[in-house]
Amino acid sequence: MTQTSLFCLVFATTRVVAALQTEQDGSTSHKTLRNGVVMPTIAAGTGGYDNQNQQGKVLRNGLVMPTMSAGTWQYDDGEAEASVQAALTSGFRHIDTAYDYGNQAGVSKGLAAGAAAAKLARKDIFITTKVP
């Protein structure tokens with residue numbers, strides 16, 4: 001992802017967040033859009049995973065997998081590396097990739113760098129993929 005497109009993504013996200021209001025009702029936090037739609041709050045830096053409330057998909061083995069993931073589709077190795085590293089350091093714990101994307105080397109380097117920077121063990125990261 002280039003710096004320009006990353007800036008556009010951050011700028012667009014900032015504008016969306018500015019259009020929301022955060023409200024508390026007891027233990028549940030949610031946001032109400034201007035059109036009245038109520039959405040659950042995802043805390044900044046959590047990557048869609050709420051450690052306190054264990055929000056996510058409960059797997060058969062009891063682990064809770066975050067339902068929001070950072071994707072790597074259409075990224076070359078350099079973009080995939082930077083994207084995965086940024087995702088892990090900003091709170092994501094779920095990375096989505098696929099063999100056919102052809103960016104395995106970049107994803108691998110990004111996982112190593114991001115996990116080291118965020119002080120994560122491999123067991124803390126979920127990786128989903130598609131097989132050919």
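Structure shown above.
Residues numbered from 1 in each chain as written. Predicted model: local features only at pLDDT ≥ 70, side-chain atom pairs only at ≥ 80, totals over all residues. Heavy atoms only, no water.

Undergrad: Help me understand unusual backbone geometry, please; the structure alone is not making it clear to me.
TA: Most peptide bonds take the trans configuration, and most residues that are not glycine carry a negative phi. Of note in this structure, Gln74 is not a glycine but carries a positive phi near 65°. Mapping Gln74 onto the fold places it in the loop between β6 (70-71) and α2 (77-89). Even without being a glycine, Lys119 presents a positive backbone phi close to 55°. Structurally, Lys119 is set in the loop between α3 (104-118) and β8 (126-128). Assessed through its relative accessible area of 73%, Lys119 is described here as exposed. (Helix = DSSP H or I, 4+ residues; strand = E, 2+ residues; numbered from the N terminus. Buried < 20%, exposed > 50% of the residue type's maximum accessible area, 1.4 Å probe, protein only.)

Undergrad: Can you help me understand the packing of α2 against α3 in this one?
TA: For any two helices packed against each other, the geometry is given by the interaxial angle and the distance between the axes. Taken N-terminus to C-terminus, the directions of α2 and α3 make an angle of 25°; their axes are 7 Å apart at the nearest point. In terms of orientation, α2 and α3 fall into the roughly parallel class. Handedness of the α2/α3 crossing: right-handed. Along its contact with α2, which presents Asp77, Ala80, Glu81, Val84, Gln85, Leu88 and Thr89, the element α3 presents Gln104, Ala105, Gly106, Val107, Lys109, Gly110, Leu111, Ala113, Gly114, Ala115, Ala117 and Ala118. Of the residues contributing to the contact of α2 with α3, the split by class is ten nonpolar, six polar and three charged. (Axes fitted to C-alpha atoms, helices over the stretch in contact; angles between N-to-C directions. Parallel < 35°, antiparallel > 145°, perpendicular 65-115°, else oblique. Left-handed = near helix turned anticlockwise from the far one by under 90°. Contact = heavy atoms within 4.5 Å. Nonpolar A, V, L, I, M, F, W, Y, C, P; charged D, E, K, R; others polar.)

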